[in-house]
Amino acid sequence: MSDGPPERDTSAPRTSSEFARIDVIRRLLTEGSPLAAQVLLGIGDDAAALAPVDEPLVWTVDCAVDGVHFRHDLMSFEDAGYRATMAAASDLAAMGARPLGLLASLILPRGLSDADLEALVRGQRAACDTIGAPLIGGNLARGRELSITTTALGATPRPLRRDGARPGDELALAGPVGLAAAGLRLAQQGGPVHAEALAAFRRPLARIEAGLSAREGAHAGIDISDGLASDLGHLIRASGIRAELDAAALLTDSLREAATLVGADPLDLALHGGEDYALLVAGPSVGALPGFTRIGRCMAGTPGTPEILLASADGRATAVTGRGFDHFT
Ligand SMILES: Nc1ncnc2c1ncn2[C@@H]1O[C@H](COP(=O)(O)OP(=O)(O)O)[C@@H](O)[C@H]1O
Ligand SMILES: Cc1ncc(C[n+]2csc(CCOP(=O)(O)OP(=O)(O)O)c2C)c(N)n1
Ligand SMILES: [Mg+2]
């Protein structure tokens, strides 16, 4: 019998200790880029430290849970990390904030290998590089299912709220709606491929630049996570108004193609499919802002009339019914 160290079972995926994993995470998140100017202290101490900012701070948290927001068997760990980070950053975009830094709390199931964790962190890093803000700390723990909880901190002179839209305002969108829901269904079906729809689901983009460009002229804003009708509903109820959407403005050739592949109505996907993380804003002439498309208008709230109307090309307007994603129904 050898009295040397036990040989590692090379067939089993490698799972290093907590502290070895934190070292790897730190390397993957920091290598190749200097510490951002606003970061006084990043990964490695009891908490991160940021330099003071002379503006209101905007602060949000969001989670991505395996089986609820993604399925690890249908999505790479890299995509899961990227997407979770973008979904959190999207709430900063919706507030018209510039991101300062993020924190991530990871729950890892026992079997998740070092390679899987590294892929996940590479996805987080790619999202951070895209939005231009670093991930500067977090937490690691073992748990039954994989989850990624991300907090994002940003700053803006005037947070863009949900409750400022007024009758007469235009409604405008930055980014597609409906494609991500089509992408999710395609991934679940495992059949035909529509690259744009799959990318919309796996690699959404937080519309940070659009949010910054909208904050001067827009009266209100929200990001579309649960579905356009559902999230527009939050904005108009908060603002005490009604809205009319222009059906033609929501449909693109790409959405029509993807909808055909999954056997869905493209308008239904555009109105009720979630997780594109498009940015919806209301304000005078917001449709002319760079990166935005006009999709409708705001009207005075009248008791007893539908909250959201959909105007079709022939000029008819119908009430929007049906609902977006809800975690508890
Ligand atoms: N567990 C909670 N504790 C406190 N506030 C919460 C909680 N969950 C949601 N909220 C608040 O409710 C509001 C709506 O949340 P949500 O619909 O999740 O927003 P979003 O879709 O932008 O992520 C937000 O202001 C959020 O901070
Ligand atoms: C496996 C799987 N099933 C269903 C969905 C659809 N889905 C899950 S959460 C969600 C809405 C957005 O997530 P939420 O946590 O509500 O984001 P928030 O509104 O808090 O930003 C949708 C459309 C999915 N992404 N993955
Ligand atoms: Mg939001």
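Computed from a predicted structure; not experimentally measured. (Residues numbered from 1 in each chain as written. Chains lettered and ligands numbered in written order. Predicted model: local features only at pLDDT ≥ 70, side-chain atom pairs only at ≥ 80, totals over all residues. Heavy atoms only, no water.)

Description of the packing of aromatic side chains
Okay, so step 1: On inspection of all chains with the given rule, the structure shows 0 aromatic pairs.
Okay, so step 2: For the cation-ring pair, Arg 203 lies above Tyr 82, with the distance from its terminal atom to the ring centre recorded as 4.2 Å. (Phe/Tyr/Trp six-rings, centres within 6.5 Å; stacked < 30°, edge-to-face > 60°. Lys NZ or Arg CZ within 6 Å of the ring centre and 35° of its normal.)

Some thoughts on the pattern of salt bridges
Okay, so step 1: All chains considered together, the criterion is met by 17 salt bridges.
Okay, so step 2: Of the charged contacts in the structure, one is a salt bridge between Asp 163 and Arg 161, with a shortest N-O distance of 2.6 Å.
Okay, so step 3: Here Asp 163 falls in the partly exposed class, since its relative accessible area comes to 34%.
Okay, so step 4: A salt bridge links Arg 256 to Asp 253, with the nearest nitrogen and oxygen atoms 3.6 Å apart. Of the two residues, Arg 256 and Asp 253 both sit in helix H9 (residues 253–262), 3 residues apart, roughly one turn of that helix.
Okay, so step 5: The partly exposed category is assigned to Arg 256, whose relative accessible area is 39%.
Okay, so step 6: Connected through salt bridges with shared partners, the residues Arg 14, Arg 21 and Asp 114 form a single ionic network. (Salt bridge = Lys/Arg side-chain N within 4 Å of Asp/Glu carboxyl O. Buried < 20%, exposed > 50% of the residue type's maximum accessible area, 1.4 Å probe, protein only. Helix = DSSP H or I, 4+ residues; strand = E, 2+ residues; numbered from the N terminus.)

Quick notes on the coordination of the magnesium ion (ligand 3)
Okay, so step 1: The coordination sphere of the magnesium ion (ligand 3) contains the protein donors Asp 91 (OD) and Asp 223 (OD), at a distance range of 2.0 to 2.1 Å. Residue Asp 91 is found in helix H2 (residues 77–94), and its partner Asp 223 is found in strand E8 (residues 220–223); the two are separated by 132 residues along the sequence.
Okay, so step 2: By relative accessible area, Asp 91 is classed as partly exposed at 22%. (Donors = N, O, S within 2.8 Å, 3.2 Å for Na, K, Ca; no water.)

Digging into the site of ligand 1
Okay, so step 1: Every residue lining ligand 1 is accounted for by Asp 91, Arg 162 and Ser 225.
Okay, so step 2: With respect to ligand 1, the side chain of Asp 91 contributes an N or O atom lying 3.0 Å from an oxygen atom. (Near = heavy atom within 4 Å. Polar contact = N/O pair within 3.5 Å; in protein donor to acceptor, adjacent residues only side chain to side chain.)

Structural notes on the side chain of Ser 254
Okay, so step 1: Counting through the fold element by element, Ser 254 comes out in helix H9.
Okay, so step 2: Residues contacting Ser 254, with those up to four places away along its chain left out, are Leu 179, His 194 and Glu 196. (Contact = heavy atoms within 4.5 Å.)

As for the UniProt feature "binding site: Mg(2+) 4" (unreviewed entry) in the protein
Okay, so step 1: The sites that UniProt annotates as "binding site: Mg(2+) 4" (unreviewed entry) are Asp 46, Thr 60 and Asp 91. Taking the farthest pair of C-alpha atoms as the criterion, the annotated set spanning 46 residues is dispersed, since that pair is 26.0 Å apart.
Okay, so step 2: Within the secondary structure layout, Thr 60 lies in strand E3 (residues 57–65).
Okay, so step 3: When near neighbours in sequence (up to four residues on either side) are disregarded, Thr 60 contacts Ala 88, Asp 91, Leu 92, Thr 150, Thr 151 and Ala 152.
Okay, so step 4: Separated by 3.5 Å, the side chains of Thr 60 and Asp 91 make a polar contact.
Okay, so step 5: Once residues within four sequence positions are removed from consideration, Asp 91 is found in contact with Thr 60, Asp 62 and Asp 223. (UniProt positions renumbered as here; feature names shortened; annotations may be inferred.)

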